[in-house]
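Reading the structure
The lines below spell out each chain.
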Amino acid sequence: MEAVILAGGYGTRISEESVFRPKPMIEIGGKPILWHIMKIYSHYGINDFIVCCGYKSYYIKEYFMNYFMHSSDLNIDLANNQVEYHNSSSEPWKLKLIDTGLDTMTGGRLKYVRDHIKGERFHMTYGDGVSNVDLDSLEKYHIEKNASVTLTGVKPPGRFGQLKIENGMVDSFREKPEGDGAYINGGFFVVEKKIIDNIDGPQTVWEQEPLQEEAKKGQLAVYKHEGFWQPMDTLREKNSLERLWSSGEAPWKVW
């Protein structure tokens with residue numbers, strides 16, 4: 001199985017960081033969030049990745065081209081032009097880093113890499129969110145439902161504290177309660193390759209016509225995930241993920 005990761009957007013809502021590098025390369029605990037996502041998939045034995053690059057794609061390519069250097073200590077002898085690596089670590093990953101264009105939409109990026117996908121079924125997610133979703137169970141559910149696409153449905157956390165007011169006084173206060181209980185698209189898809197043929201072109205948004213059409217045909221399944229899920233759309237969310245990682249109790253660290 002391969003995993004396709006959408007990593008080409010501008011990341012405008014976290015422009016404090018994305019002005020310097022693409023959002024998937026923003027670091028949590030000293031590692032790009034893209035690395036964290038790939039570690040989640042690798043835990044489930046998925047080590048072949050197709051990364052749909054776009055905005056500032058050079059940063060993604062450079063990081064993995066020099067991954068061994070980034071993850072090692074170095075002794076450098078400038079006089080003799082020699083480098084000695086030690087305390088090095090690596091991963092069993094094989095990557096295809098495909099430049100899918102600056103302004104291509106999510107569906108268009110998927111269509112662009114169609115011929116790079118070897119199998120008839122693949123995993124897919126966004127390059128800016130982490131979760132402890134059980135990918136084995138997700139894939140099993142997809143097969144049981146005989147669906148064309150299965151997405152992971154999640155309940156987003158509340159963003160603000162909630163006040164209950166009686167006669168102008170606060171009767172109770174809840175800090176960041178859960179949302180309204182509705183499920184939303186949390187990414188972490190399993191997809192049958194054949195439906196890529198239904199994507200019109202580079203301006204097609206995956207979450208609009210393609211998924212809406214599969215829903216109409218009864219081919220879009222939802223795997224309900226009640227555990228941890230968090231996107232990194234804003235600096236506030238980035239800092240929240242950083243605090244979880246620093247605490248040593250990051251819920252998405254399943255490896």
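The preceding data block contains the structure.
Right, let's walk through the structure included here. Given the structure is predicted, the values throughout are model-derived calculations rather than measurements. Every chain is numbered on its own, with residues counted from 1 as its sequence reads. For this predicted model, a pLDDT threshold of at least 70 governs which residues receive local features, and a threshold of 80 or more governs which side-chain atom pairs are given and counted, while totals over whole chains, interfaces and linings are taken from all residues. With hydrogens and water stripped out, all remaining heavy atoms of the structure feed into the side-chain values.

1. Section: the overall build of the protein chain
When you go through the protein chain residue by residue, the secondary structure sums to eight helices and 16 strands. Within these notes, the globule rule equals 2.2 Å times the number of residues to the 0.38 power, and the radius of gyration is based on C-alpha atoms. Computed over C-alpha atoms, the radius of gyration of the protein chain comes to 20 Å, within 12% of the 18 Å expected from 2.2 N^0.38 for 255 residues, which places it in the range of a compact globule. Counting only C-alpha atoms and orienting by the principal axes, one finds that the protein chain spans roughly 80 × 50 × 35 Å. Across the 255 residues that make up the protein chain, the buried fraction comes to 44%. To measure how exposed things are, a 1.4 Å probe is used in the Shrake-Rupley method; for residues, cover is taken only from the protein chains shown. On the protein chain, roughly 13500 Å² of surface is accessible, and the fraction owed to carbon and sulfur atoms is 49%. All tallies of charge rest on Lys and Arg as positive and Asp and Glu as negative; His and the ends of each chain are not included. Think of each charge as sitting on NZ of Lys, CZ of Arg, CG of Asp or CD of Glu. Of the charged side chains in the protein chain, 30 are positive and 36 negative; the average position of the first set lies 2 Å away from that of the second. The helix count covers DSSP runs of H or I at least four residues long, the strand count covers runs of E at least two residues long, and both are numbered beginning at the N terminus. For the exposure calls, accessible area comes from a 1.4 Å probe over protein chains only, and a residue counts as buried if that area is under 20% of its type's maximum, exposed if over 50%, partly exposed in between.

2. Some remarks on a nonpolar patch on the surface
Here the term patch refers to residues with relative accessible area over 30% and no salt bridge, with like charges joined within 9 Å and nonpolar side chains (Val, Leu, Ile, Met, Phe, Trp, Tyr) within 5 Å. Salt bridge, as applied in this entry: a Lys or Arg side-chain nitrogen positioned within 4 Å of an Asp or Glu carboxyl oxygen. On the surface, Phe68, Met69, Leu74, Ile76, Leu78, Val83 and Tyr85 cluster together into a nonpolar patch covering about 680 Å² of accessible area. Tracing the backbone shows Leu74 in strand S5 (residues 73–77).

3. Considerations on unusual backbone geometry
For Lys56, which is not glycine, the phi dihedral falls at a positive 50°. Tracing the backbone through its elements, the reader meets Lys56 in the loop between strand S4 (48–53) and helix H3 (57–65). The phi dihedral of Phe188 falls on the positive side, at around 45°, and the residue is not glycine. With respect to the helices and strands, Phe188 occurs in the loop between strand S13 (184–185) and strand S14 (189–192).

4. Brief notes about the packing of aromatic side chains
Two rings from Phe, Tyr or Trp (for Trp, the six-membered ring) form a pair when their centres are within 6.5 Å of each other. A pair whose planes differ by under 30 degrees is stacked, one over 60 is edge-to-face, and the rest are tilted. Taken as a whole, this structure holds 17 aromatic pairs when the rule is applied. For the pair Tyr10 and Tyr55, a centre-to-centre distance of 5.1 Å together with 45° between the ring planes defines the contact as tilted. One end of the pair, Tyr10, is in the loop between strand S1 (2–7) and helix H1 (15–18); the other, Tyr55, is in the loop between S4 and H3, with 45 residues separating them in the sequence. In this structure Tyr55 comes out as buried when scored by relative accessible area, which is 14%. Consider the rings of Tyr141 and Tyr223, whose centres lie 5.6 Å apart with planes at 65°: the pair is edge-to-face. Residue Tyr141 is located in helix H6 (residues 135–145), and its partner Tyr223 is located in strand S15 (residues 220–224); the two are separated by 82 residues in the primary sequence. Judged by relative accessible area, which is 24%, Tyr141 ranks as partly exposed. A relative accessible area of 16% places Tyr223 in the buried class.

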